[in-house]
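Architecture at a glance
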Amino acid sequence: MNNFAEIIEVQRFRKVIFYTLSINGGDPLFIQFRDTHNVKNKEKFNHIFSWIKLIGNKYGADSQYFRNEAETADAGALPPKGVDREPAYVEYNEEGETYENKTNNLRLYCLRANRSVVFLFNGDIKLADKAKDCDNVRGHFKLANKLSELINNAFREKNIRWINDDAEIEVDDDFLLEWE
């Protein structure tokens with residue numbers, strides 16, 4: 001069975017444009033992530049979305065703001081490593097009756113194409129040390145690597161083109177990423 005994906009713009013910020021993909025005509029990957037985790041893991045989702053807004057408006061998509069999740073391609077993930085990095089993820093500790101910075105184990109897989117363009121995919125709660133060993137995220141991790149490879153190939157083949165000093169992308173209206 002052949003698969004296809006359409007590139008969809010998610011949101012433009014001052015420094016970064018975020019895109020996502022719709023696979024086989026389904027709901028866009030980032031929208032699936034948002035709709036699931038904005039309800040199921042609201043605080044963890046809000047933490048990741050805070051990073052998206054900061055990267056988009058203030059920092060730009062520098063590699064230091066993304067986890068390296070490369071297996072076969074340049075896939076990454078949010079949030080970045082570092083418990084105390086602002087904005088930090090905070091949970092209430094009932095025993096000590098205090099708020100503590102914790103590791104946010106919700107992962108949003110993505111591709112940082114350059115400082116100005118990021119593709120957001122999907123993700124879930126990571127429960128194992130390695131993504132490939134976690135039933136929750138393995139599929140998202142593998143798909144992110146596959147999509148990253150396809151997107152990078154499309155850039156090389158000029159099916160996705162840089163415009164406006166590499167601050168945006170351009171694709172033909174009928175262009176689809178395709179794979180088996």
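Preceding this section is the structure that the text describes.
Here's what I pulled together on the structure shown here. Starting afresh in each chain, residues are numbered from 1 along the sequence in its written order. With the structure being a predicted model, the display of local features is reserved for residues of pLDDT at least 70 and the display and counting of side-chain atom pairs for 80 or more, all residues being used for whole-chain, interface and lining totals. The side-chain numbers reported here are obtained from all heavy atoms of the structure, hydrogens and water having been left aside.

1. Some remarks on the state of the cysteines
By definition, a disulfide links the sulfur atoms of two cysteine residues through a covalent bond. The term disulfide is used for any two cysteine sulfur atoms that are within 2.5 Å. Within the structure shown, the criterion is met by 0 disulfides. Its sulfur unpaired, cysteine 110 is 17 Å from the next cysteine sulfur, which belongs to cysteine 134. Burial classes follow relative accessibility: with a 1.4 Å probe on protein chains only, a residue under 20% of its type's maximum area counts as buried, one over 50% as exposed, and anything between as partly exposed. Given the relative accessible area of 0%, cysteine 110 is considered buried.

2. A look at the nonpolar core
Across soluble globular proteins, nonpolar side chains have a tendency to be buried as a group. In this description, a nonpolar core means a group of buried Ala, Val, Leu, Ile, Met, Phe, Trp, Tyr and Cys residues linked to one another through side-chain atoms lying within 4.5 Å. By size, the foremost hydrophobic cluster in this structure holds 29 residues, and its most contacted members are Leu21, Phe119, Phe121 and Ile151. Numbering goes from the N terminus for both helices and strands, where a helix is a DSSP run of H or I of at least four residues and a strand is a run of E of at least two. Contributing elements (two or more residues each) for this core: strand S1 (3–12), strand S2 (17–23), strand S4 (75–78), strand S7 (106–112), strand S8 (117–125), helix H3 (138–156) and strand S11 (177–179). The element contributing the most residues to this core is H3, with 7 residues.

3. Section: the pairing of strand S10 (residues 168–171)
Looking down a regular strand, the side chains alternate between one sheet face and the other. We treat two strands as partners when DSSP finds at least two bridges between them. Where strand S9 (residues 160–163) lies against S10, 4 bridges are found, and the strand directions are antiparallel. Pairing of isoleucine 160 across the sheet is with valine 171, part of S10.

4. Some remarks on unusual backbone geometry
Cis geometry is found at the peptide bond from leucine 78 to proline 79, where omega equals 0°. Between glutamate 86 and proline 87 the backbone carries a cis peptide bond, its omega angle lying at 5°. Mapped onto the secondary structure, proline 87 falls in the loop between S4 and strand S5 (90–93). For asparagine 164, which is not glycine, the phi torsion reads 50° and is therefore positive. When you line up the elements, asparagine 164 lands in the loop between S9 and S10. Under the relative-accessibility criterion, asparagine 164 is labelled partly exposed at 47%. Unlike most non-glycine residues, aspartate 166 shows phi in positive territory, near 65°. In this structure, aspartate 166 sits in the loop between S9 and S10. Residue class for aspartate 166 comes out partly exposed when judged on its relative accessible area of 40%.

5. Thoughts on the sheet that holds S4
Pairing is mixed across the open sheet formed by 7 strands, whose spatial order is S3-S4-S7-S8-S2-S1-S11. What marks the edges here is a single partner per strand, and that holds for strand S3 (67–68) and S11. Here S4 runs beside S7; their pairing, made up of 4 bridges, is antiparallel. Within S7, the residue paired with glycine 76 across the bridge is cysteine 110. Strand contacts of H3: S2, S4, S7, S8 and S11, with the helix running at about 165° to S8, the strand carrying the most contacts. Note on contacts: a residue pair qualifies if any of its non-hydrogen atoms lie within 4.5 Å across the two residues. Each axis is a line fitted through C-alpha atoms, taken for helices only over the stretch in contact, and angles between the N-to-C directions span 0 to 180 degrees.

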